[in-house]
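# Commentary on secondary and tertiary structure
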Amino acid sequence: MSDTNNEAACSEKSCEGCHSSGNCSTQDSKNMTAELNSYSSIKHVIGVASGKGGVGKSFVTGTLASSLRKKGYTVGILDADITGPSIPKMFGIKGPAVGNEMGVVPIESRNGIKIMSINLLMEDEEAPVIWRGPIIAGTVKQFWTEVAWGDLDYLLVDLPPGTGDVPLTVFQSIPLDCLVVVTSPQDLVGLIVKKCLNMAQMMNIPVLGLVENYSYLSCPDCGKKIPVFGISKVDETASGLGLPVLGKIPMNPDFAQKIDAGDASSISLEELSGAVEKIESLDKGDRS
């Protein structure tokens, strides 16, 4: 179907599911940004994205949030991965989240990070979310419009992997300042990451840089760095895209143990200091 025909059949309520999303000129005449909850004030919104699952995107989201919190910022996490939510488990929090006249109140982690996730609204956190795309996308939008976040310096949005309905809804409905894109050393992941970056470019979302997870394993005896998933090519990939590498995170069994114990707030990663500094630079208007 041509773009002209798509525009003729365009819904005034939503562009979700349209193959022309991101290119349709009808969008230019609409303000598709959803209205933030009236009891919320958020200075900066940062999306954390990946081209595919399994690269540690939620781990990076949680660790970045904890690093910013340790520096004294007020921080929240919007868990937009509706079918695979992991943020509550990482921080050892459970629902149910409750509401009042201001909206749904996010639950705070031990270190004071405000968190909203579908798992905090369900009676059984192990129950699968068997919803179609538009309902999932609508739920994510409600996390922006109906959750009383209060005053935040930074809201990190943990996006589901890929380039489907939910990332599209977030890009169109939530005013992201930028994206942090998470990858790992495999060539396949690098290829798919470029799809994610191309989507961000099409939607005019600035990309702050790349974070590589599972970069290497340090031998506990000799300290040698072992490239378990192959030699990293993130520097070449980032250079070709004109983006900085914000950090290279090693594999560490201690991280997994702390995550399983719901103790993500205690993880401190020097390897993400560059990403934290880049996020802080948003206050200076520097996104280069």
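Residues numbered from 1 in each chain as written. Predicted model: local features only at pLDDT ≥ 70, side-chain atom pairs only at ≥ 80, totals over all residues. Heavy atoms only, no water.

Pairing is mixed across the open sheet formed by 8 strands, whose spatial order is β5-β6-β2-β7-β1-β8-β9-β12. The open sheet has two free edges, formed respectively by β5 (107–108) and β12 (245–248), since each of these has just one partner strand. In the sheet, strand β2 (residues 75–79) pairs with strand β7 (residues 150–158) via 5 bridges, with the strands oriented parallel. Residue pairing for β7: G76 is matched across the bridge by L155. Sitting on the sheet, helix α7 (residues 234–241) touches β8 (178–183), β9 (207–212) and β12, and the angle it makes with β12 is about 170°. Most of the contacts of helix α9 (residues 273–280) go to β12, to which it runs at about 150°, and overall it touches β1 (40–49), β7, β9 and β12. (Pairing = 2+ DSSP bridges. Helix = DSSP H or I, 4+ residues; strand = E, 2+ residues; numbered from the N terminus. Contact = heavy atoms within 4.5 Å. Axes fitted to C-alpha atoms, helices over the stretch in contact; angles between N-to-C directions.)

A few words now on helix α4 (residues 133–145). Given a rise of 1.5 Å per residue, 13 residues ought to cover 18 Å, and the 19 Å separating the end C-alpha atoms of α4 matches this to within 8%. Here the buried face of α4 lies against β1, β2, β6 (114–116), β7 and α5 (165–173). (Expected span 1.5 Å × (residues − 1).)

Counting residues in each nonpolar core, the largest one holds 79 residues, and the members touching the most others are L78, V170, L176 and L179. Contact partners of L176, with chain neighbours within four places excluded, come to V45, I46, G47, V157, V170, F171 and I205. (Core = buried A, V, L, I, M, F, W, Y, C linked by side-chain atoms within 4.5 Å. Buried < 20%, exposed > 50% of the residue type's maximum accessible area, 1.4 Å probe, protein only.)

Time to look at unusual backbone geometry. P96 follows G95 through a cis peptide bond whose omega is 5°. Examined against the element boundaries, P96 turns out to sit in the loop between α3 (87–91) and β3 (99–100). Phi angles above zero are rare outside glycine, and N204 is one such case at about 60°. Within the secondary structure layout, N204 lies in the loop between α6 (187–202) and β9.

Bringing the pattern of salt bridges into the picture now. A side chain of one charge can pair with a side chain of the opposite charge when the charged atoms of the two come close. Applying the stated criterion across every chain, the model contains 6 salt bridges. The partner of K57 in a salt bridge is D158, and the shortest N-O contact between them spans 2.9 Å. Taken as a pair, K57 in helix α2 (residues 57–70) and D158 in strand β7 lie far apart in primary sequence, 101 residues in all. Residue D158 is classed as buried on the basis of its relative accessible area, which comes to 0%. With its nearest N and O atoms 3.1 Å apart, the salt bridge here joins K94 to E125. With a gap of 31 residues between them, K94 in the loop between α3 and β3 and E125 in the loop between β6 and α4 connect regions that are remote in the sequence. (Salt bridge = Lys/Arg side-chain N within 4 Å of Asp/Glu carboxyl O.)

Burial analysis of α5 places 8 of its 9 residues in the buried class, the great majority of the element. Within α5 the residues assigned to the buried category are V166, P167, L168, T169, V170, F171, Q172 and S173.

Right, let's get into the packing of aromatic side chains. Applying the stated rule across the entire model yields 3 aromatic pairs. Ring geometry for Y214 against F229: centres 5.9 Å apart, planes inclined by 55°, an arrangement best described as tilted. Here F229 lies in the loop between β11 (225–226) and α7 and Y214 lies in the loop between β9 and β10 (217–218), a separation of 15 residues in the sequence. By relative accessible area, which is 35% here, F229 ends up partly exposed. Cation over ring: K225 sits above Y216, and NZ or CZ is 4.7 Å from the ring centre. (Phe/Tyr/Trp six-rings, centres within 6.5 Å; stacked < 30°, edge-to-face > 60°. Lys NZ or Arg CZ within 6 Å of the ring centre and 35° of its normal.)

Moving on: the environment of L78. Looking at where L78 falls in the secondary structure, it is placed in strand β2. A relative accessible area of 0% places L78 in the buried class. Taking the C-alpha atoms as reference points, L78 and D158, separated by 80 residues in sequence, lie 6.2 Å from one another. Sequence-distant contacts of L78, defined by excluding residues within four places in its chain, comprise M116, V140, F143, W144, W149, L155, L156, V157, D158 and I174.

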